[in-house]
Every structure is written in C-alpha cells, then in structure tokens.
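Structure at a glance
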Amino acid sequence: MKAGIVGLPNVGKSTLFNSLSNAKAQSANFPFCTIEPNLGVVNVPDPRLQKLETLVKPMRVQPATVEIVDIAGLVKGASKGEGLGNQFLANIRETDAVLHVLRCFDNDNIAHVDGSIDPVRDKETVDIELQIKDLETVDKKLEKIKRAAGSGDKEAQKEEAVLIKIKQNLEAGISIRSLEFSEDDYNHYVKPGQFITEKPVMYICNVDEASAVSGNPYVEQVKEVVKDENAEVLVLAVGIEADINELDDFEERQMFLQDIGLDEPGSSKLIRAAYKLLKQQTFFTAGVKEVRAWTIDIGATAPQAAGVIHTDFEKGFIRAEVISYDDYVHYGSEAKVKEAGKMRIEGKNYIVKDGDVMHFLFNV
Ligand SMILES: Nc1nc2c(ncn2[C@@H]2O[C@H](COP(=O)(O)OP(=O)(O)OP(=O)(O)O)[C@@H](O)[C@H]2O)c(=O)[nH]1
Ligand SMILES: [Mg+2]
C-alpha cells in the first residue's frame, strides 16, 4: 500500500517527501524538478509502541511502515501529454491514496507556474486533469462493452449503466470518490477500474512558518471548497518540517518545534493520517526479542493477520491469543493479564481490532 504526493510543479512536494523520509529527493526552485518518482518507506509514529517497549524491554522495536511516493508535478493539459503528462498520471494510478499538496504561502522568490497564489484554482486544475484521464478510461471501457450491451447481455448492461453514471459526473467536474454505488456495482465495475479520482485523498496546505499552528486565509478557502468531499485538510509548514527532519538530535528537534508552537512534527500527524487514509490498522506482537507493529487492512481476520508475519502462520493457523492494548498496559505484563483472565482465545473468524497484542498458534 502506498500514498502518492500529487500537485502542481514547485509547490513543495519533494520538500514534503524529504520531511517524511530519509531517502532524499532533489528539491529546487524550478518547475519539473522531479521527473522519476521518489519512493520512501516511512515509519509510522505510534506512542503505543514506546509504551509496550517500556513494559516488555525487548531487544528490538520495529514500527509499522507506510510507503510514500513523490511524483512529478502536473500542469494544465497533463492529460493531453503537457508537461510530464501521461507518465505522471501512470505514476498516480499505481498508488492507493493521494496526498494533494496545495501551495498556501506567499513568497515572491518561489515561482508559481500560474503566476499567482490561489490554492482553490490549483486544486481545480489538478482535479480536472485527473478527471479527464478517468474520462478516457471510462470511454475506452464503454467502447469495449458497447456491442455486448447492445445485444442484450445483462452483465454488460449493468456495467454500462455504472460507467455512464461515472462519465456524466466526471463531465460535470465531479470526482468518482464523491459518488455512491451499491456494494455490488462498486466491487465489480468501479474498483477494478483503478480510477485515479476514486482514490481516497487528503489535502495538505503548505503554509509559511507563521501559519503552522493556526493556518491562514488560503487554508480557509481550501477548507471551504472541499467541505463536501469528506476529506481531511492538513496544515503543514513543509519547509520547516524538512529542516526539522534534518536534525538528528531529539532535544534539538523538540526545541525547534516549541519555537513554532507545535508539540510534535506535523509530519508525524501526516503519516498517521496517510495510514488511516490507506485503511490500514496495526496489531502488535510483544516478546523479549522484539516488540513490533504490523500493518493489516481494517476488517482483516486473525489468520490474515498471521499471514502478514508468515504465510505458514496463515496456512497452519489454529488459534490466536489476544490481549487488547489497554488491558496490556493496565495489567503491565502478559503474565498478569493471564492471571486476571483477560487474555482471549480467538478462532479463525475473529476480526482483528486496532491495537490487539497477538500471539498465533499454528502447525506447519
Ligand atoms: N518558503 C518556502 N519555500 C518552500 C516551501 N516548500 C517548498 N519550498 C521551496 O519551493 C521550491 C520547490 O519545492 P519542491 O519541493 O522542489 O517542489 P515540487 O512540488 O517537488 O516541484 P516539482 O518537482 O518541480 O514538481 C524549493 O525551492 C523549496 O525550497 C515552504 O513551505 N516555504
Ligand atoms: Mg519535486
């Protein structure tokens, strides 16, 4: 699962990437600085892991991770091959969620491709290109099933109806993520289409240092225009965040943050939000060798969780011993949880909950 950073050229996408990841992307004050996507694997900050560490005192601690891709900037006409056009769009198609960066700071020294600061216009420019790309995909699909639908094939007719609904909305400037489908239609005709505007999105307002805590009028405009999209809007002083990420020393970082008025780096908040956007959750394994956070889809079963650790665990799954995170912390150790009768034995239909501390029994 990966989240892609998307937006106009020169709005701070690579700078954002650098604030999240230790894989350094080139960032510079000219459009189309990024061509090839930069891929980074980012640890998901989770205070529960530190808590488990103090209780278990393991040899190692391994956080959950999420993949972030920094993608080339897109301009008007990208869907028709302008700028880095189609290549860029192919890179977005491969992601599972979109982090849409909007420039919300004034600075005459940093060029804007459209000559002025207007995040609402910028968002629309990007949306339109993505919608046009999806329209092309829809048209191709419609063309393909036209004959079958025309000759009375029920399945093809159902698909055609869904595609026409998508097409009409895209033509009206409405992204697919805002539309409602029956579960059946969604699973059969929408999801397999890998439409770009169907991917979950989060907006990141790149502000100057002074606006890091309470935002600014640009941010308010963005919030107003996306209020019906059910999408998160995150305010981030991306330039400062990248500087903070350069600091190796924890104390130094904290001082830097205090100066701006933040209690934790905005990038930590962003990573957690991206994790949620990707519909991921965490379960833990806690042993003296290692305390570790593992990533699973929301709704995953106990055997599926076991399979994340090892495919043999899933194949030979017998049962799982489960302690909720709160119980673990409340009683302080696995032994004490057991004594209190709070360890649960769960079978193969158990739906894992975020924060479960798990131990799997299996035979190979
Ligand atoms: N003042 C200020 N400058 C910023 C901020 N974020 C990025 N910049 C500068 O803006 C310029 C462009 O930043 P990049 O991160 O390279 O932009 P990009 O969106 O990756 O651009 P492309 O790869 O060309 O699409 C660089 O000179 C950055 O230092 C910010 O928050 N404040
Ligand atoms: Mg870049």
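For the structure, see preceding data.
Rules used in this analysis
- Residue indices begin from 1 for each chain and proceed along its sequence in written order.
- Starting at A for chains and at 1 for ligands, labels are handed out in the order in which the entities are written.
- The predicted nature of this model means local features are confined to residues of pLDDT at least 70 and side-chain atom pairs, given and counted, to a pLDDT of 80 or more, with totals for whole chains, interfaces and linings taken over all residues.
- As a rule here, side-chain values cover all heavy atoms of the structure and leave hydrogens and water aside.
- Aromatic pairing here means that ring centres of Phe, Tyr or Trp (its six-membered ring) are within 6.5 Å. Orientation follows from the plane angle: under 30 degrees is stacked, over 60 is edge-to-face, and everything else is tilted.
- Numbering goes from the N terminus for both helices and strands, where a helix is a DSSP run of H or I of at least four residues and a strand is a run of E of at least two.
- Note on classification: 1.4 Å probe, protein chains only; a residue is buried when its accessible area is under 20% of the maximum for its type, exposed when over 50%, partly exposed between these limits.
- We count a charge as sitting over a ring when the NZ of a lysine or the CZ of an arginine lies within 6 Å of the ring centre and within 35 degrees of the ring normal.
- Water is not among the atoms examined, so metal sites may look incomplete; donors are the N, O and S atoms within 2.8 Å of the metal, or within 3.2 Å for Na, K and Ca.
- Comment: axis = line fitted to C-alpha atoms, over the contacting stretch for helices; angle = value between 0 and 180 degrees taken between N-to-C directions.
- What sets the label is the angle itself: under 35 degrees gives roughly parallel, over 145 gives roughly antiparallel, 65 to 115 gives roughly perpendicular, and the rest give oblique.
- Two residues form a contact once any of their heavy atoms are found within 4.5 Å.
- Residues are grouped as follows: Ala, Val, Leu, Ile, Met, Phe, Trp, Tyr, Cys and Pro are nonpolar; Asp, Glu, Lys and Arg are charged; all remaining types, including Gly, are polar.
- A single heavy atom is enough: if one lies within 4 Å of a molecule or strand, its residue is considered near that molecule or strand.
- What qualifies as a polar contact is a pair of N or O atoms within 3.5 Å, subject to a donor-acceptor requirement within protein and to the restriction that residues adjacent in sequence count only when both atoms come from side chains.
- A pair of strands counts as paired when DSSP detects no fewer than two bridges linking them.
- Handedness of a crossover: with both strands directed away from the viewer, a clockwise path from the first strand across the helix to the second marks it as right-handed.
- Among buried residues, those of type Ala, Val, Leu, Ile, Met, Phe, Trp, Tyr and Cys that are joined through side-chain atoms within 4.5 Å constitute a nonpolar core.
- A helix is expected to reach a length of 1.5 Å times the quantity of its residues less one.
- At any given residue, the bend is defined as the angle formed between two axes, one fitted to the seven residues that end at that position and one fitted to the seven that begin there.

1. A word on the packing of aromatic side chains
- Evaluated as defined, the whole model comprises five aromatic pairs.
- Ring geometry for Phe283 against Phe360: centres 6.0 Å apart, planes inclined by 90°, an arrangement best described as edge-to-face. Here the residue Phe283 occupies a position in strand β8 (residues 280-286), and Phe360 occupies one in strand β12 (residues 357-362), the gap between them amounting to 77 residues.
- For Phe283, a relative accessible area of 0% translates into the label buried.
- Three or more aromatic residues link up through ring pairs in this structure, and these residues are Phe283, Trp294, Phe317 and Phe360.
- Seen from the ring of Phe181, Lys165 lies directly overhead, with NZ or CZ sitting 4.7 Å from the centre.

2. Re the coordination of the magnesium ion (ligand 2)
- Coordination sphere of the magnesium ion (ligand 2), protein contribution only: Ser14 (OG) and Thr34 (OG1), at 1.9 to 2.1 Å. Here the residue Ser14 occupies a position in helix α1 (residues 13-20), and Thr34 occupies one in the loop between α1 and β2 (38-43), the gap between them amounting to 20 residues.
- Taking relative accessible area as the criterion, Ser14 reaches 8% and is therefore assigned buried.
- Exposure remark for Thr34: the relative accessible area of 9% places this residue in the buried category.

3. A few points about the packing of helix α5 (residues 154-171) against helix α6 (residues 183-190)
- Where α5 contacts α6, the two axes come as close as 10 Å, and the packing angle between them is 90°. When the axis of α5 is compared with that of α6, the two are roughly perpendicular. In contact with Glu155, Lys158, Glu159, Val162 and Ile166 of α5, α6 contributes Asp184, Asp185, Tyr189 and Val190.
- Grouping the amino acids of the contact of α5 with α6 by side-chain chemistry returns four nonpolar, no polar and five charged.

4. Structural notes on the site of ligand 1
- Taken together, 23 residues sit near ligand 1, with Lys13, Thr15, Phe32, Cys33 and Thr34 positioned nearest.
- Between an oxygen atom of ligand 1 and a side-chain N or O atom of Thr34, the distance comes to 2.8 Å.
- Taking Gly239, its main chain carries an N or O atom lying 3.1 Å from an oxygen atom of ligand 1.
- Those elements that provide at least two residues to the shell around ligand 1 are α1 and α8 (238-246).
- No other element matches the three residues that α1 contributes to the shell around ligand 1.
- The class makeup of the residues in the shell around ligand 1 is eleven nonpolar, eleven polar and one charged.

5. Quick look at unusual backbone geometry
- Non-glycine residue Asn10 carries a positive phi angle of around 65°.
- Looking at where Asn10 falls in the secondary structure, it is placed in the loop between β1 (2-6) and α1.
- In this model, Lys57 sits at a positive phi of 50°, which is unusual for a non-glycine residue.
- Relative to the assigned elements, Lys57 resides in the loop between α2 (47-56) and β3 (60-62).
- For Lys57, a relative accessible area of 64% translates into the label exposed.

6. Re the pairing of strand β7 (residues 232-236)
- For strand β6 (residues 201-206) and β7, the ladder comprises five bridges, and the chain directions are parallel. Each bridged residue has a counterpart across the sheet, and for Cys205 the counterpart in β7 is Val235.
- Regarding topology, helix α7 (residues 217-225) serves as the crossover connection from β6 to the parallel β7, and that connection is right-handed.

7. Re the nonpolar core
- Counting residues in hydrophobic clusters, the biggest one holds 73 residues, and the most contacted among them are Leu16, Phe88 and Leu99.
- For this core, the element with the most residues is helix α10 (residues 266-277), which contributes six residues.
- Of all hydrophobic cores here, the second largest spans 15 residues; its members include Trp294, Ala306, Phe313 and Ala320.

8. Comments concerning the sheet that holds strand β5 (residues 97-103)
- Taken in spatial order, the six strands make up an open sheet running β2-β4-β1-β5-β6-β7, and their pairing is mixed. The open sheet has two edge strands, β2 and β7, and neither has a second partner. With direction set aside, neighbouring strand axes in the sheet form an average angle of 25°.
- Direction of pairing for β1 relative to β5: parallel, over a ladder of four bridges. Counted as the bridge partner of Ala3 is Ala97 from β5.
- Its contacts with the sheet place α10 against β2, β4 (65-70), β5, β6 and β7, and it is angled at close to 160° to β7.

9. Considering helix α4 (residues 119-150)
- Here α4 spans 44 Å end to end across 32 residues, near enough to the 46 Å set by a 1.5 Å rise per residue.
- Its maximal kink placed at Lys144, α4 deviates by approximately 40°.
- Positive phi shows up at Gly152, right after α4, with a value of about 90°.

10. Observations regarding the environment of Ala231
- Looking at where Ala231 falls in the secondary structure, it is placed in the loop between α7 and β7.
- The exposure class assigned to Ala231 is buried, which follows from its relative accessible area of 19%.
- For the pair Ala231 and Ile318, spaced 87 residues apart in sequence, the C-alpha separation works out to 40 Å.

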